[in-house]
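# Structure assessment
The primary structure of each chain is shown beneath.
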2 protein chains.
Amino acid sequence: MKVCLNGRMVPKEEAVISIEDRGFLYGDGLFESIRICSNRPFRWDRHLDRFWTGVQALRLPCPWPGESLRGFAEALLRENRTVDGVLRLALSRGPGRRGYSPRGATHPTLVLSVHPLPDSPSSEPTTWRLRTVGLRILRGDPLARHKTASRLLQVLARLEAEEEGADEALLLNHEGQVAESASGNVFWVERENILTPPLSCGALPGITREVIVELGDRLGWPVREDDIDRERLGSVDGMFLTLTTRGVVEVVELDGQSMPRSARVPRLHRAYLDLVRTECA
Amino acid sequence: MKVCLNGRMVPKEEAVISIEDRGFLYGDGLFESIRICSNRPFRWDRHLDRFWTGVQALRLPCPWPGESLRGFAEALLRENRTVDGVLRLALSRGPGRRGYSPRGATHPTLVLSVHPLPDSPSSEPTTWRLRTVGLRILRGDPLARHKTASRLLQVLARLEAEEEGADEALLLNHEGQVAESASGNVFWVERENILTPPLSCGALPGITREVIVELGDRLGWPVREDDIDRERLGSVDGMFLTLTTRGVVEVVELDGQSMPRSARVPRLHRAYLDLVRTECA
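Throughout what follows, the structure given in this document is the object of discussion. (Residues numbered from 1 in each chain as written. Chains lettered and ligands numbered in written order. Predicted model: local features only at pLDDT ≥ 70, side-chain atom pairs only at ≥ 80, totals over all residues. Heavy atoms only, no water.)

Moving on: the pairing of strand 6 (residues 85-92) of chain A. All names here are of chain A. Of all eight residues that make up strand 6, eight are buried, and the element is covered over most of its length. A two-sided burial pattern is seen for strand 6, the buried positions comprising Gly-85, Leu-87, Leu-89 and Leu-91 on one face and Val-86, Arg-88, Ala-90 and Ser-92 on the other. Examined bridge by bridge, strand 4 (residues 29-37) and strand 6 share eight bridges and lie antiparallel to one another. Bridging across to strand 6, Gly-29 finds its partner in Ser-92. (Buried < 20%, exposed > 50% of the residue type's maximum accessible area, 1.4 Å probe, protein only. Helix = DSSP H or I, 4+ residues; strand = E, 2+ residues; numbered from the N terminus. Pairing = 2+ DSSP bridges.)

For the rest of this paragraph, the subject is the interface of chain B and chain A. With 61 residues of chain B in contact, the opposing surface of chain A contributes 61 residues. Area buried by chain B at its contact with chain A is led by B:Phe24, B:Arg98 and B:Tyr100, which between them contribute 17% of it. The tally of links from chain B across to chain A stands at six salt bridges. The partner of B:Lys12 in a salt bridge is A:Glu20, and the shortest N-O contact between them spans 3.3 Å. (Contact = heavy atoms within 4.5 Å. Buried area = accessible area lost by both parts, 1.4 Å probe. Salt bridge = Lys/Arg side-chain N within 4 Å of Asp/Glu carboxyl O.)

Attention shifts here to the packing of helix 2 (residues 44-58) of chain B against helix 3 (residues 66-79) of chain B. All names here are of chain B. Two elements in contact, helix 2 and helix 3, have axes whose closest approach is 12 Å; the angle formed by their N-to-C orientations is 125 degrees. In terms of their interaxial angle, helix 2 and helix 3 are classed as oblique. Considering only the axes of helix 2 and helix 3, their crossing is right-handed. Along the contact surface, helix 2 presents Trp-44, Leu-48, Phe-51 and Trp-52, while helix 3 presents Gly-66, Leu-69, Arg-70 and Ala-73. A breakdown of the residues in the contact of helix 2 with helix 3 according to their chemical character gives six nonpolar, one polar and one charged. (Axes fitted to C-alpha atoms, helices over the stretch in contact; angles between N-to-C directions. Parallel < 35°, antiparallel > 145°, perpendicular 65-115°, else oblique. Left-handed = near helix turned anticlockwise from the far one by under 90°. Nonpolar A, V, L, I, M, F, W, Y, C, P; charged D, E, K, R; others polar.)

With that settled, the discussion passes to unusual backbone geometry. Residues and elements named next belong to chain A. Phi is positive for Ser-38, close to 50 degrees, though the residue is something other than glycine. At Arg-81, a residue that is not glycine, the phi angle is positive and equals roughly 50 degrees. Position of Arg-81 among the secondary structure elements: in the loop between helix 3 (66-80) and strand 6.

Moving on, we get to the relation of the copies chain B and chain A. With an RMSD of 0.0 Å, the fit of chain B onto chain A corresponds to turning through 180 degrees and sliding 0.0 Å along the axis. These values place the two chain copies in the arrangement generated by a two-fold rotation axis. The share of interface residues of chain B whose copies in chain A are also at the interface is 100%, consistent with both copies meeting through the same surface. (Least-squares fit on C-alpha atoms with pLDDT ≥ 70 in both.)

Put into C-alpha coordinates, the structure is as follows:
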(Lines give C-alpha, C1' and ligand atoms only; values in the text may rest on other atoms or scores of the structure.)
Protein backbone atom coordinates (compact mmCIF):
# COMPACT_ATOMS: atom_id res chain seq x y z
CA MET A 1 0.00 0.00 0.00
CA LYS A 2 1.31 3.41 -0.99
CA VAL A 3 0.30 6.81 0.30
CA CYS A 4 1.00 10.22 -1.17
CA LEU A 5 2.89 12.43 1.28
CA ASN A 6 3.54 15.99 0.13
CA GLY A 7 3.24 14.84 -3.46
CA ARG A 8 5.57 11.83 -3.19
CA MET A 9 4.41 8.22 -3.34
CA VAL A 10 5.77 6.31 -0.35
CA PRO A 11 5.02 2.93 1.21
CA LYS A 12 2.53 3.42 4.05
CA GLU A 13 4.98 2.18 6.69
CA GLU A 14 7.44 4.88 5.66
CA ALA A 15 4.86 7.67 5.66
CA VAL A 16 5.71 9.50 8.85
CA ILE A 17 5.42 13.05 10.09
CA SER A 18 7.31 15.09 12.62
CA ILE A 19 6.11 15.14 16.23
CA GLU A 20 6.13 18.92 15.71
CA ASP A 21 3.46 18.77 13.02
CA ARG A 22 0.62 21.03 14.15
CA GLY A 23 -1.88 18.42 12.99
CA PHE A 24 -0.49 16.18 15.72
CA LEU A 25 0.04 18.95 18.31
CA TYR A 26 -3.29 20.75 17.98
CA GLY A 27 -5.55 19.09 15.39
CA ASP A 28 -4.63 22.06 13.20
CA GLY A 29 -5.80 20.83 9.82
CA LEU A 30 -8.60 19.61 7.57
CA PHE A 31 -9.55 16.45 5.73
CA GLU A 32 -11.95 15.04 3.16
CA SER A 33 -13.17 11.47 2.71
CA ILE A 34 -14.11 10.82 -0.90
CA ARG A 35 -15.89 7.79 -2.27
CA ILE A 36 -14.04 5.92 -5.01
CA CYS A 37 -16.05 3.88 -7.52
CA SER A 38 -14.60 2.23 -10.65
CA ASN A 39 -11.23 3.92 -9.95
CA ARG A 40 -12.82 7.36 -9.92
CA PRO A 41 -13.57 9.82 -7.12
CA PHE A 42 -17.30 10.57 -6.78
CA ARG A 43 -18.10 14.29 -6.65
CA TRP A 44 -14.45 15.28 -6.50
CA ASP A 45 -15.31 18.89 -7.36
CA ARG A 46 -17.77 19.27 -4.49
CA HIS A 47 -15.30 17.76 -2.00
CA LEU A 48 -12.61 20.11 -3.28
CA ASP A 49 -14.94 23.11 -3.01
CA ARG A 50 -15.56 22.26 0.65
CA PHE A 51 -11.84 21.65 1.15
CA TRP A 52 -10.87 25.08 -0.28
CA THR A 53 -13.55 26.78 1.80
CA GLY A 54 -11.95 25.20 4.86
CA VAL A 55 -8.42 26.06 3.73
CA GLN A 56 -9.45 29.71 3.51
CA ALA A 57 -11.35 29.75 6.79
CA LEU A 58 -8.43 28.16 8.64
CA ARG A 59 -5.87 30.24 6.68
CA LEU A 60 -3.98 27.04 5.89
CA PRO A 61 -1.12 27.37 3.46
CA CYS A 62 -1.64 25.07 0.47
CA PRO A 63 0.92 25.36 -2.33
CA TRP A 64 -0.76 22.58 -4.35
CA PRO A 65 -3.43 23.77 -6.80
CA GLY A 66 -6.54 21.68 -7.43
CA GLU A 67 -5.07 20.10 -10.58
CA SER A 68 -2.09 18.85 -8.56
CA LEU A 69 -4.36 17.38 -5.90
CA ARG A 70 -6.38 15.65 -8.60
CA GLY A 71 -3.17 14.35 -10.17
CA PHE A 72 -1.95 12.99 -6.83
CA ALA A 73 -5.31 11.29 -6.26
CA GLU A 74 -5.31 9.65 -9.68
CA ALA A 75 -1.71 8.50 -9.36
CA LEU A 76 -2.46 7.04 -5.92
CA LEU A 77 -5.51 5.15 -7.17
CA ARG A 78 -3.44 3.72 -10.04
CA GLU A 79 -0.52 2.87 -7.78
CA ASN A 80 -2.76 0.95 -5.36
CA ARG A 81 -5.06 -0.44 -8.08
CA THR A 82 -8.01 0.91 -6.10
CA VAL A 83 -11.33 0.09 -7.77
CA ASP A 84 -13.76 0.86 -4.95
CA GLY A 85 -12.90 2.46 -1.65
CA VAL A 86 -12.41 5.70 0.19
CA LEU A 87 -9.81 8.34 -0.59
CA ARG A 88 -8.70 10.42 2.36
CA LEU A 89 -7.17 13.81 1.60
CA ALA A 90 -5.72 15.59 4.62
CA LEU A 91 -3.87 18.87 5.01
CA SER A 92 -2.29 20.00 8.26
CA ARG A 93 -0.49 23.25 8.96
CA GLY A 94 2.74 21.27 9.23
CA PRO A 95 5.60 21.76 11.66
CA GLY A 96 5.51 24.86 13.79
CA ARG A 97 6.61 26.39 17.04
CA ARG A 98 5.17 25.31 20.40
CA GLY A 99 2.09 27.43 21.12
CA TYR A 100 -1.19 28.08 19.37
CA SER A 101 0.00 30.89 17.12
CA PRO A 102 0.36 29.56 13.58
CA ARG A 103 2.90 32.26 12.67
CA GLY A 104 5.85 30.84 10.80
CA ALA A 105 4.15 27.53 9.99
CA THR A 106 4.43 27.78 6.21
CA HIS A 107 5.19 24.18 5.22
CA PRO A 108 1.91 22.26 5.40
CA THR A 109 1.66 18.48 5.34
CA LEU A 110 -0.49 16.87 2.67
CA VAL A 111 -1.48 13.21 2.95
CA LEU A 112 -3.58 11.23 0.49
CA SER A 113 -4.40 7.65 1.36
CA VAL A 114 -6.85 5.00 0.19
CA HIS A 115 -8.90 2.69 2.38
CA PRO A 116 -11.38 -0.12 1.80
CA LEU A 117 -15.09 0.66 2.06
CA PRO A 118 -16.34 -0.29 5.54
CA ASP A 119 -19.14 -2.40 4.00
CA SER A 120 -19.20 -3.99 0.57
CA PRO A 121 -21.76 -2.00 -1.43
CA SER A 122 -25.16 -3.63 -1.21
CA SER A 123 -28.54 -2.67 -2.60
CA GLU A 124 -29.83 -2.66 0.99
CA PRO A 125 -28.68 0.14 3.29
CA THR A 126 -26.56 -0.67 6.34
CA THR A 127 -28.70 -0.58 9.49
CA TRP A 128 -27.50 1.14 12.65
CA ARG A 129 -28.59 1.56 16.25
CA LEU A 130 -28.18 5.17 17.38
CA ARG A 131 -27.59 6.58 20.81
CA THR A 132 -28.12 10.19 21.85
CA VAL A 133 -24.98 11.30 23.71
CA GLY A 134 -24.42 14.00 26.30
CA LEU A 135 -21.79 15.97 24.35
CA ARG A 136 -23.29 18.95 22.55
CA ILE A 137 -22.41 21.00 19.48
CA LEU A 138 -22.54 24.77 19.74
CA ARG A 139 -25.30 25.93 17.39
CA GLY A 140 -23.81 28.30 14.83
CA ASP A 141 -20.20 27.32 15.60
CA PRO A 142 -18.30 28.38 12.47
CA LEU A 143 -15.88 25.45 12.94
CA ALA A 144 -18.75 22.95 12.63
CA ARG A 145 -18.94 23.83 8.92
CA HIS A 146 -15.51 22.36 8.20
CA LYS A 147 -14.17 18.82 8.34
CA THR A 148 -11.36 19.78 10.68
CA ALA A 149 -8.69 17.59 12.25
CA SER A 150 -9.92 18.65 15.73
CA ARG A 151 -12.45 15.87 15.99
CA LEU A 152 -12.25 14.75 19.60
CA LEU A 153 -15.91 15.57 20.20
CA GLN A 154 -16.91 13.16 17.43
CA VAL A 155 -14.48 10.51 18.71
CA LEU A 156 -15.85 10.67 22.25
CA ALA A 157 -19.45 10.78 21.05
CA ARG A 158 -18.87 7.62 19.04
CA LEU A 159 -17.08 6.00 21.97
CA GLU A 160 -19.99 6.79 24.31
CA ALA A 161 -22.50 5.35 21.83
CA GLU A 162 -20.45 2.17 21.39
CA GLU A 163 -20.07 1.73 25.14
CA GLU A 164 -23.87 1.79 25.31
CA GLY A 165 -24.08 -0.95 22.69
CA ALA A 166 -25.00 1.32 19.77
CA ASP A 167 -23.31 1.75 16.40
CA GLU A 168 -23.28 5.52 16.18
CA ALA A 169 -23.87 8.69 18.21
CA LEU A 170 -26.64 11.22 17.69
CA LEU A 171 -25.41 14.73 18.50
CA LEU A 172 -27.69 17.53 19.61
CA ASN A 173 -26.73 21.18 19.69
CA HIS A 174 -26.73 23.15 22.92
CA GLU A 175 -30.33 24.21 22.32
CA GLY A 176 -31.42 20.57 22.16
CA GLN A 177 -31.97 20.37 18.40
CA VAL A 178 -30.60 17.47 16.37
CA ALA A 179 -27.39 18.55 14.64
CA GLU A 180 -25.84 15.44 13.06
CA SER A 181 -24.44 12.04 13.91
CA ALA A 182 -20.75 11.69 14.81
CA SER A 183 -19.90 10.80 11.22
CA GLY A 184 -22.93 11.69 9.09
CA ASN A 185 -25.94 13.88 8.45
CA VAL A 186 -29.38 13.07 9.81
CA PHE A 187 -32.62 12.75 7.83
CA TRP A 188 -36.06 11.63 8.91
CA VAL A 189 -39.39 10.76 7.30
CA GLU A 190 -42.70 12.20 8.48
CA ARG A 191 -45.72 10.89 6.54
CA GLU A 192 -44.69 11.45 2.93
CA ASN A 193 -42.01 14.03 3.72
CA ILE A 194 -38.27 13.74 3.98
CA LEU A 195 -36.63 16.25 6.28
CA THR A 196 -33.18 17.18 7.53
CA PRO A 197 -31.91 19.79 10.00
CA PRO A 198 -30.62 23.04 8.47
CA LEU A 199 -26.83 23.39 8.54
CA SER A 200 -27.23 26.23 11.05
CA CYS A 201 -28.07 23.57 13.66
CA GLY A 202 -24.39 22.67 13.73
CA ALA A 203 -24.18 20.06 10.97
CA LEU A 204 -21.29 19.57 8.59
CA PRO A 205 -22.35 20.37 5.01
CA GLY A 206 -22.12 16.76 3.89
CA ILE A 207 -21.59 15.94 0.22
CA THR A 208 -23.82 12.87 0.53
CA ARG A 209 -26.44 15.10 2.20
CA GLU A 210 -26.36 17.30 -0.93
CA VAL A 211 -26.71 14.27 -3.18
CA ILE A 212 -29.72 12.97 -1.25
CA VAL A 213 -31.40 16.37 -1.58
CA GLU A 214 -30.78 16.18 -5.35
CA LEU A 215 -32.16 12.65 -5.54
CA GLY A 216 -35.19 13.64 -3.47
CA ASP A 217 -35.96 16.26 -6.10
CA ARG A 218 -35.57 13.75 -8.94
CA LEU A 219 -37.81 11.21 -7.23
CA GLY A 220 -40.47 13.81 -6.49
CA TRP A 221 -39.69 13.75 -2.75
CA PRO A 222 -38.25 17.22 -2.18
CA VAL A 223 -36.29 17.34 1.08
CA ARG A 224 -37.33 20.08 3.49
CA GLU A 225 -35.17 21.54 6.25
CA ASP A 226 -36.57 21.76 9.75
CA ASP A 227 -35.38 21.88 13.34
CA ILE A 228 -36.17 18.77 15.33
CA ASP A 229 -35.60 17.91 18.97
CA ARG A 230 -35.04 14.47 20.43
CA GLU A 231 -38.64 14.11 21.56
CA ARG A 232 -40.11 14.69 18.12
CA LEU A 233 -37.69 12.12 16.65
CA GLY A 234 -39.49 9.55 18.82
CA SER A 235 -42.60 9.79 16.66
CA VAL A 236 -41.23 10.02 13.11
CA ASP A 237 -41.96 7.40 10.44
CA GLY A 238 -38.36 6.62 9.52
CA MET A 239 -34.84 7.88 10.02
CA PHE A 240 -31.54 7.62 8.17
CA LEU A 241 -28.03 8.97 8.05
CA THR A 242 -25.88 9.89 5.07
CA LEU A 243 -22.16 9.11 5.00
CA THR A 244 -19.63 9.30 2.18
CA THR A 245 -18.35 5.86 3.04
CA ARG A 246 -21.73 4.08 3.21
CA GLY A 247 -24.29 6.18 1.36
CA VAL A 248 -27.59 5.84 3.22
CA VAL A 249 -27.58 4.15 6.64
CA GLU A 250 -31.00 3.25 7.99
CA VAL A 251 -31.57 3.92 11.69
CA VAL A 252 -33.37 0.91 13.14
CA GLU A 253 -33.06 1.79 16.81
CA LEU A 254 -32.72 5.05 18.71
CA ASP A 255 -31.82 4.96 22.41
CA GLY A 256 -33.07 1.39 22.65
CA GLN A 257 -36.39 2.12 20.95
CA SER A 258 -37.15 0.45 17.59
CA MET A 259 -37.64 2.92 14.77
CA PRO A 260 -40.29 2.51 12.07
CA ARG A 261 -38.92 1.61 8.63
CA SER A 262 -39.88 3.68 5.63
CA ALA A 263 -39.70 2.23 2.10
CA ARG A 264 -38.24 5.55 0.98
CA VAL A 265 -34.98 4.84 2.78
CA PRO A 266 -33.79 1.79 0.80
CA ARG A 267 -35.15 3.49 -2.33
CA LEU A 268 -32.92 6.52 -1.74
CA HIS A 269 -29.98 4.25 -0.98
CA ARG A 270 -30.37 2.44 -4.31
CA ALA A 271 -30.78 5.73 -6.16
CA TYR A 272 -27.57 6.92 -4.50
CA LEU A 273 -25.65 3.80 -5.52
CA ASP A 274 -26.96 4.11 -9.09
CA LEU A 275 -25.86 7.73 -9.24
CA VAL A 276 -22.39 6.90 -7.92
CA ARG A 277 -22.02 4.13 -10.52
CA THR A 278 -23.34 6.30 -13.35
CA GLU A 279 -21.17 9.31 -12.60
CA CYS A 280 -18.03 7.21 -12.08
CA ALA A 281 -18.63 4.96 -15.11
CA MET B 1 18.08 18.14 21.14
CA LYS B 2 16.53 14.85 22.23
CA VAL B 3 12.89 13.98 22.74
CA CYS B 4 11.38 11.01 24.52
CA LEU B 5 9.12 8.99 22.22
CA ASN B 6 7.30 6.07 23.83
CA GLY B 7 9.98 5.91 26.49
CA ARG B 8 12.99 6.03 24.14
CA MET B 9 15.36 8.98 23.83
CA VAL B 10 15.71 9.95 20.18
CA PRO B 11 17.14 12.97 18.35
CA LYS B 12 14.30 15.38 17.58
CA GLU B 13 14.77 15.05 13.82
CA GLU B 14 14.22 11.29 14.11
CA ALA B 15 11.13 11.61 16.30
CA VAL B 16 8.35 10.81 13.84
CA ILE B 17 4.91 9.29 14.07
CA SER B 18 2.73 7.39 11.64
CA ILE B 19 0.30 9.33 9.44
CA GLU B 20 -2.27 6.93 10.95
CA ASP B 21 -1.72 8.26 14.45
CA ARG B 22 -5.11 9.40 15.74
CA GLY B 23 -3.48 12.45 17.24
CA PHE B 24 -2.73 13.54 13.67
CA LEU B 25 -5.99 12.25 12.15
CA TYR B 26 -8.44 13.62 14.73
CA GLY B 27 -6.67 15.55 17.51
CA ASP B 28 -7.39 12.46 19.62
CA GLY B 29 -5.09 13.08 22.56
CA LEU B 30 -4.03 15.25 25.48
CA PHE B 31 -1.04 17.29 26.54
CA GLU B 32 0.48 19.19 29.44
CA SER B 33 2.96 22.06 29.41
CA ILE B 34 5.02 22.10 32.58
CA ARG B 35 7.36 24.84 33.74
CA ILE B 36 10.94 23.74 34.37
CA CYS B 37 13.06 25.72 36.83
CA SER B 38 16.53 24.69 38.06
CA ASN B 39 16.17 21.37 36.20
CA ARG B 40 12.95 20.53 38.03
CA PRO B 41 9.31 20.48 36.94
CA PHE B 42 7.16 22.95 38.88
CA ARG B 43 3.95 21.39 40.31
CA TRP B 44 4.53 18.10 38.51
CA ASP B 45 1.94 16.36 40.71
CA ARG B 46 -0.80 18.83 39.85
CA HIS B 47 -0.07 18.60 36.13
CA LEU B 48 -0.13 14.81 36.38
CA ASP B 49 -3.43 14.88 38.29
CA ARG B 50 -4.98 16.91 35.47
CA PHE B 51 -3.38 14.62 32.90
CA TRP B 52 -4.82 11.47 34.51
CA THR B 53 -8.23 13.08 34.80
CA GLY B 54 -8.08 13.70 31.06
CA VAL B 55 -6.77 10.19 30.31
CA GLN B 56 -9.80 8.75 32.12
CA ALA B 57 -12.31 11.14 30.54
CA LEU B 58 -10.99 10.40 27.04
CA ARG B 59 -10.53 6.67 27.84
CA LEU B 60 -6.99 6.90 26.50
CA PRO B 61 -4.84 3.84 27.00
CA CYS B 62 -1.69 4.73 28.97
CA PRO B 63 0.56 1.81 29.91
CA TRP B 64 3.10 4.12 31.60
CA PRO B 65 2.50 4.72 35.31
CA GLY B 66 3.21 8.12 36.88
CA GLU B 67 6.66 7.02 38.11
CA SER B 68 7.66 6.10 34.57
CA LEU B 69 6.48 9.45 33.24
CA ARG B 70 8.47 11.20 35.96
CA GLY B 71 11.50 9.08 35.10
CA PHE B 72 11.19 9.94 31.40
CA ALA B 73 10.89 13.64 32.26
CA GLU B 74 13.96 13.62 34.48
CA ALA B 75 16.02 11.68 31.97
CA LEU B 76 15.00 14.10 29.22
CA LEU B 77 15.93 17.14 31.29
CA ARG B 78 19.34 15.58 32.04
CA GLU B 79 19.87 14.55 28.44
CA ASN B 80 19.19 18.06 27.16
CA ARG B 81 20.80 19.82 30.13
CA THR B 82 17.60 21.85 30.55
CA VAL B 83 17.85 24.33 33.39
CA ASP B 84 14.84 26.53 32.69
CA GLY B 85 12.20 25.90 30.09
CA VAL B 86 8.94 24.16 29.32
CA LEU B 87 8.38 20.43 29.32
CA ARG B 88 5.65 19.22 26.99
CA LEU B 89 4.08 15.85 27.76
CA ALA B 90 1.67 14.59 25.10
CA LEU B 91 -0.31 11.39 24.77
CA SER B 92 -2.30 10.48 21.67
CA ARG B 93 -4.43 7.39 21.09
CA GLY B 94 -1.84 6.20 18.58
CA PRO B 95 -2.42 4.48 15.26
CA GLY B 96 -5.94 3.35 14.55
CA ARG B 97 -8.41 2.57 11.82
CA ARG B 98 -9.94 5.25 9.63
CA GLY B 99 -13.09 6.52 11.31
CA TYR B 100 -13.91 8.11 14.65
CA SER B 101 -14.38 4.91 16.61
CA PRO B 102 -11.33 4.39 18.83
CA ARG B 103 -11.91 0.63 18.98
CA GLY B 104 -8.71 -1.31 18.48
CA ALA B 105 -6.43 1.68 19.05
CA THR B 106 -4.49 0.24 21.97
CA HIS B 107 -0.97 1.49 21.30
CA PRO B 108 -0.86 5.13 22.34
CA THR B 109 1.91 7.54 21.43
CA LEU B 110 3.75 9.33 24.23
CA VAL B 111 5.97 12.31 23.46
CA LEU B 112 7.99 14.34 25.96
CA SER B 113 9.90 17.32 24.66
CA VAL B 114 11.59 20.38 26.13
CA HIS B 115 11.36 23.92 24.82
CA PRO B 116 12.85 27.27 25.79
CA LEU B 117 10.72 29.69 27.81
CA PRO B 118 9.09 32.21 25.44
CA ASP B 119 10.45 35.12 27.53
CA SER B 120 13.46 35.11 29.80
CA PRO B 121 12.06 35.28 33.34
CA SER B 122 11.85 38.88 34.50
CA SER B 123 10.59 40.43 37.70
CA GLU B 124 8.17 42.45 35.55
CA PRO B 125 5.25 40.61 33.93
CA THR B 126 5.04 40.37 30.16
CA THR B 127 2.47 42.85 28.81
CA TRP B 128 -0.05 41.85 26.17
CA ARG B 129 -2.71 43.47 24.02
CA LEU B 130 -5.88 41.38 23.97
CA ARG B 131 -8.55 41.08 21.33
CA THR B 132 -12.05 39.67 21.84
CA VAL B 133 -12.67 37.21 19.02
CA GLY B 134 -15.88 35.94 17.46
CA LEU B 135 -15.32 32.24 18.17
CA ARG B 136 -17.16 31.10 21.27
CA ILE B 137 -16.73 28.33 23.82
CA LEU B 138 -19.77 26.27 24.81
CA ARG B 139 -20.44 27.00 28.49
CA GLY B 140 -20.27 23.74 30.43
CA ASP B 141 -18.58 21.81 27.59
CA PRO B 142 -16.97 18.82 29.34
CA LEU B 143 -14.10 18.87 26.82
CA ALA B 144 -13.15 22.41 27.87
CA ARG B 145 -11.90 20.96 31.18
CA HIS B 146 -9.09 19.03 29.47
CA LYS B 147 -5.98 20.13 27.62
CA THR B 148 -6.88 18.13 24.55
CA ALA B 149 -5.06 17.87 21.23
CA SER B 150 -8.18 19.19 19.44
CA ARG B 151 -7.19 22.82 19.77
CA LEU B 152 -8.21 24.37 16.49
CA LEU B 153 -10.55 26.83 18.22
CA GLN B 154 -7.62 28.20 20.23
CA VAL B 155 -5.39 28.29 17.14
CA LEU B 156 -7.92 30.27 15.11
CA ALA B 157 -8.74 32.56 18.03
CA ARG B 158 -5.06 33.39 18.38
CA LEU B 159 -4.72 33.86 14.63
CA GLU B 160 -7.69 36.27 14.56
CA ALA B 161 -6.23 38.28 17.45
CA GLU B 162 -2.81 38.48 15.77
CA GLU B 163 -4.35 39.55 12.47
CA GLU B 164 -5.94 42.43 14.40
CA GLY B 165 -2.55 43.43 15.78
CA ALA B 166 -3.05 41.95 19.25
CA ASP B 167 -0.92 39.44 21.14
CA GLU B 168 -3.63 37.13 22.38
CA ALA B 169 -7.34 36.31 22.03
CA LEU B 170 -10.03 36.75 24.65
CA LEU B 171 -12.63 33.99 24.38
CA LEU B 172 -16.21 34.39 25.54
CA ASN B 173 -18.63 31.53 26.04
CA HIS B 174 -21.86 31.33 24.05
CA GLU B 175 -23.72 33.23 26.75
CA GLY B 176 -21.29 36.14 26.41
CA GLN B 177 -19.34 35.60 29.62
CA VAL B 178 -15.55 35.67 29.64
CA ALA B 179 -14.20 32.10 29.63
CA GLU B 180 -10.43 32.31 29.14
CA SER B 181 -7.79 33.50 26.71
CA ALA B 182 -6.59 31.19 23.94
CA SER B 183 -3.68 30.03 26.08
CA GLY B 184 -4.36 31.16 29.64
CA ASN B 185 -6.82 31.95 32.40
CA VAL B 186 -8.24 35.43 32.92
CA PHE B 187 -8.18 37.50 36.13
CA TRP B 188 -9.23 41.05 36.79
CA VAL B 189 -8.98 43.61 39.58
CA GLU B 190 -11.97 45.61 40.83
CA ARG B 191 -11.09 48.09 43.60
CA GLU B 192 -9.18 45.93 46.08
CA ASN B 193 -10.54 42.61 44.79
CA ILE B 194 -9.02 40.05 42.49
CA LEU B 195 -11.53 37.99 40.53
CA THR B 196 -11.59 35.21 37.95
CA PRO B 197 -14.38 33.43 36.07
CA PRO B 198 -15.53 30.10 37.54
CA LEU B 199 -14.38 27.06 35.57
CA SER B 200 -18.02 26.40 34.63
CA CYS B 201 -17.72 29.38 32.23
CA GLY B 202 -15.67 27.13 29.94
CA ALA B 203 -12.15 27.73 31.26
CA LEU B 204 -9.41 25.14 31.45
CA PRO B 205 -8.52 24.43 35.10
CA GLY B 206 -5.09 26.04 34.82
CA ILE B 207 -2.31 25.06 37.19
CA THR B 208 -1.01 28.65 37.26
CA ARG B 209 -4.59 29.79 37.98
CA GLU B 210 -4.54 27.52 41.07
CA VAL B 211 -1.19 28.91 42.15
CA ILE B 212 -2.38 32.52 41.85
CA VAL B 213 -5.41 31.69 44.01
CA GLU B 214 -3.01 30.22 46.61
CA LEU B 215 -0.78 33.30 46.45
CA GLY B 216 -3.79 35.59 46.73
CA ASP B 217 -4.66 33.87 50.01
CA ARG B 218 -1.10 34.22 51.29
CA LEU B 219 -0.94 37.90 50.41
CA GLY B 220 -4.32 38.60 52.00
CA TRP B 221 -5.98 39.13 48.59
CA PRO B 222 -8.36 36.18 48.38
CA VAL B 223 -9.44 35.57 44.78
CA ARG B 224 -13.19 35.44 44.22
CA GLU B 225 -14.95 33.76 41.30
CA ASP B 226 -17.51 35.71 39.35
CA ASP B 227 -19.07 35.78 35.90
CA ILE B 228 -18.08 38.79 33.84
CA ASP B 229 -19.16 39.93 30.40
CA ARG B 230 -17.13 41.96 27.93
CA GLU B 231 -18.84 45.22 28.84
CA ARG B 232 -18.00 44.99 32.55
CA LEU B 233 -14.36 44.24 31.66
CA GLY B 234 -14.27 47.74 30.15
CA SER B 235 -14.50 49.31 33.61
CA VAL B 236 -12.24 47.11 35.74
CA ASP B 237 -9.12 48.44 37.50
CA GLY B 238 -6.66 45.93 36.06
CA MET B 239 -6.53 42.66 34.15
CA PHE B 240 -4.09 39.80 33.78
CA LEU B 241 -3.70 36.29 32.39
CA THR B 242 -1.97 33.28 33.88
CA LEU B 243 0.06 30.90 31.73
CA THR B 244 2.39 28.06 32.66
CA THR B 245 5.02 29.37 30.29
CA ARG B 246 4.97 33.01 31.43
CA GLY B 247 3.41 33.18 34.88
CA VAL B 248 1.42 36.41 35.08
CA VAL B 249 0.86 38.39 31.86
CA GLU B 250 -0.49 41.90 32.35
CA VAL B 251 -3.20 43.01 29.92
CA VAL B 252 -2.39 46.56 28.87
CA GLU B 253 -4.89 46.88 26.05
CA LEU B 254 -8.24 45.25 25.31
CA ASP B 255 -9.80 45.70 21.86
CA GLY B 256 -7.72 48.81 21.31
CA GLN B 257 -8.64 50.42 24.64
CA SER B 258 -5.86 50.96 27.22
CA MET B 259 -6.39 49.06 30.44
CA PRO B 260 -5.66 50.53 33.88
CA ARG B 261 -2.62 49.02 35.62
CA SER B 262 -2.94 47.66 39.13
CA ALA B 263 0.10 47.34 41.39
CA ARG B 264 -1.24 43.96 42.48
CA VAL B 265 -0.43 42.44 39.08
CA PRO B 266 3.40 42.77 39.13
CA ARG B 267 3.29 41.89 42.84
CA LEU B 268 1.52 38.60 42.07
CA HIS B 269 3.94 37.91 39.22
CA ARG B 270 6.95 38.31 41.53
CA ALA B 271 5.30 36.15 44.20
CA TYR B 272 4.74 33.50 41.51
CA LEU B 273 8.38 33.61 40.37
CA ASP B 274 9.55 33.38 43.99
CA LEU B 275 7.32 30.37 44.58
CA VAL B 276 8.56 28.60 41.45
CA ARG B 277 12.19 29.21 42.48
CA THR B 278 11.58 28.11 46.07
CA GLU B 279 9.72 24.91 45.20
CA CYS B 280 12.22 23.94 42.50
CA ALA B 281 15.32 24.83 44.56
